[in-house]
Amino acid sequence: MFGGGSVKNRNLKIRGVIACRNGSAYICVKENNRIYKITADKNGKFETSLNFKSGGNYIMIYYENFSGKTELTCKYEKI
């Protein structure tokens, strides 16, 4: 969904919703060599701030036998 390499730090605010009718989906973030999940609430909503350091950074949605709707919004934040 979002990704790239950079020599500058990037501060992002991400938010969205995962509405599953069938199967499952989850948000995963890769910051250089570190990979972790973003946990949605019981309504499928999620929101977090990310401080990407220089290097390869990605925001991904993994789907498994999924049908439904996903929304993801990313916005640069000024600190």
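Being a predicted model, the structure only gives us computed values, none of them experimental.

Q: Can you lay out the side chain of Asn57 for me, pointing to particular residues and giving the numbers?
A: Turning to its location among the elements, Asn57 is positioned in strand S5 (residues 55-76). For Asn57, the side chain forms a polar contact with the main-chain oxygen of Lys53, separated by 2.9 Å.

Q: How would you sum up the nonpolar core? Please name residues and give values.
A: With 13 residues, the main nonpolar core has Ile27, Val29, Ile38, Leu50, Phe52 and Ile59 as its most contacted residues. Among the elements that make up this core, the one with the highest residue count is strand S2 (residues 10-31) (six residues). Ignoring any residue separated from it by four or fewer positions in sequence, one finds Leu50 in contact with Arg10, Asn11, Leu12, Ile14, Val29, Tyr36 and Ile59.

Q: Account for the packing of aromatic side chains, with residues named and values stated.
A: Evaluated as defined, the whole model comprises two aromatic pairs. Taking 5.4 Å as the distance between ring centres and 25° as the angle between the ring planes, the aromatic pair formed by Tyr26 and Tyr62 counts as stacked. In this pair, Tyr26 sits in strand S2 while Tyr62 sits in strand S5, placing the two residues 36 residues apart along the sequence. Residue Tyr62 is classed as partly exposed on the basis of its relative accessible area of 38%. Ring plane angle 45° and centroid distance 5.0 Å describe the contact between Tyr63 and Phe66, whose orientation is recorded as tilted. The class for Tyr63 is partly exposed, based on a relative accessible area of 42%.

What counts as what
Residues numbered from 1 in each chain as written. Predicted model: local features only at pLDDT ≥ 70, side-chain atom pairs only at ≥ 80, totals over all residues. Heavy atoms only, no water. Helix = DSSP H or I, 4+ residues; strand = E, 2+ residues; numbered from the N terminus. Polar contact = N/O pair within 3.5 Å; in protein donor to acceptor, adjacent residues only side chain to side chain. Core = buried A, V, L, I, M, F, W, Y, C linked by side-chain atoms within 4.5 Å. Buried < 20%, exposed > 50% of the residue type's maximum accessible area, 1.4 Å probe, protein only. Contact = heavy atoms within 4.5 Å. Phe/Tyr/Trp six-rings, centres within 6.5 Å; stacked < 30°, edge-to-face > 60°.

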